[in-house]
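A closer look at the structure
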Protein chains: 2
Amino acid sequence: MKVKSRIWIEHNDQIFLGLGRVRLLEQILLDGSINKAAKSLKMSYKKAWKLVDSMNEVSEKPLVKTSSGGKGGGGTLVTSFGKQMISHFRELETKSFEFFDAQSKQLNDWK
Amino acid sequence: MKVKSRIWIEHNDQIFLGLGRVRLLEQILLDGSINKAAKSLKMSYKKAWKLVDSMNEVSEKPLVKTSSGGKGGGGTLVTSFGKQMISHFRELETKSFEFFDAQSKQLNDWK
């Protein structure tokens, strides 16, 4: 038997960050653009922008900043707060995997 | 910020027990009948029977036993294995709430 889980973070009772949103942030970090990140993840542009807007709205501080024009033609940055949230989510995920692995062992010992 | 989670138990990579199934088992224990339990939970009979069949199939030992006729006209029993699984699931749930509460605190301390 194996204990499985899905985790997410809420802020003021609204979904703030889950695996899908974190994967998107990570991809924006890699691609420097929401549109490119959406393409990499085979997600529609519309969905990607909606997720980014929703995250920024729920968050106390923006996770992602877009700039248009200028040198390099603009693009999208993950803020330092956004980067910290990615780290915290991934750390939380690792800890919860460890926790549930231990719980699975207990369940199998009992059985 | 609050860390939220949904947990379930798999057995041989198949869903074995989640909150919905455990609620159904608990209600069968209270009502002594799958049909009555389905009614109490406002669930269709078909869905309730399907869930019970699925649980018994995935499980090494039956969780629920139905008998027809005899003194009292038959009914449905949760086996002692089934009762232990209810306890284990609820215990797991409590432990994971505690775990994620602690994680939420860490997240808010950091913020």
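What this report covers is the structure whose coordinates are included nearby. (Residues numbered from 1 in each chain as written. Chains lettered and ligands numbered in written order. Predicted model: local features only at pLDDT ≥ 70, side-chain atom pairs only at ≥ 80, totals over all residues.)

1. A closer look at the interface of chain B and chain A
- At the junction of the two partners, chain B supplies 19 residues and chain A supplies 19 residues.
- Counting residues per element, the ones that place at least two in the side of chain B that touches chain A are β1 (2–11) and α4 (80–110) of chain B.
- Broken down by element, the side of chain B that touches chain A gets its largest block of residues, ten residues, from β1(B).
- Of the residues assigned to the side of chain B that touches chain A, the class counts are ten nonpolar, four polar and five charged.
- Relative to β1(B), strand β1 (residues 2–11) of chain A runs antiparallel, the two sharing nine bridges. Counted as the bridge partner of A:Lys4 is B:Trp8 from β1(B). (Contact = placed C-beta atoms within 7 Å. Helix = DSSP H or I, 4+ residues; strand = E, 2+ residues; numbered from the N terminus. Nonpolar A, V, L, I, M, F, W, Y, C, P; charged D, E, K, R; others polar. Pairing = 2+ DSSP bridges.)

2. Examining the environment of A:Met1
- Mapping A:Met1 onto the fold places it in the segment before β1.
- The buried category is assigned to A:Met1, around which 21 C-beta atoms lie within 10 Å. (Buried ≥ 20, exposed ≤ 12 C-beta atoms within 10 Å, placed from the backbone.)

3. Side note on the pairing of β1(B)
- Sheet topology note: the β1(B)/strand β2 (residues 14–18) of chain B ladder contains four bridges and is antiparallel. Following the sheet pairing, B:Glu10 is matched in β2(B) by B:Ile15.

4. Section: unusual backbone geometry
Residues and elements named next belong to chain B.
- Backbone geometry places Asp13, a non-glycine residue, at a positive phi of 60°.
- Mapped onto the secondary structure, Asp13 falls in the loop between β1 and β2.
- Phi at Lys42 is positive, roughly 55°, even though this residue is not glycine.
- As for its placement among the helices and strands, Lys42 is situated in the loop between α2 (34–40) and α3 (45–58).

5. A look at the relation of the copies chain B and chain A
- Note on the identical chains: chain B maps onto chain A by a rotation of 180° and an axial translation of 0.0 Å, with an RMSD of 0.0 Å. Each copy turns onto its partner about a two-fold axis. The rotation axis passes nearest to the C-alpha of B:Arg6 in chain B, at a distance of 2.6 Å.
- When the interface residues of chain B are mapped onto chain A, 100% of them again lie at the interface, so the same face is used by both copies. (Least-squares fit on C-alpha atoms with pLDDT ≥ 70 in both.)

6. A look at helix α1 (residues 19–31) of chain B
All names here are of chain B.
- A rise of 1.5 Å per residue sets the reference length of α1, with its 13 residues, at 18 Å; its end C-alpha atoms lie 18 Å apart and thus fit the reference within 8%.
- Those residues of α1 that fall on the buried side of the exposure criterion are Arg21, Val22, Leu24, Leu25, Gln27 and Ile28.
- Positive phi appears at Gly32, one or two residues downstream of α1, with a value of about 70°. (Expected span 1.5 Å × (residues − 1).)

7. Quick look at the sheet that holds β1(A)
- Read across the open sheet, the four strands follow the order β2(A)-β1(A)-β1(B)-β2(B); overall the sheet is antiparallel. In this open sheet, the two edge strands, each paired with only one partner strand, are β2 (14–18) of chain A together with β2 of chain B. Averaged over all pairs of adjacent strands, the angle between their axes in this sheet comes to 45°, without regard to strand direction. (Axes fitted to C-alpha atoms, helices over the stretch in contact; angles between N-to-C directions.)

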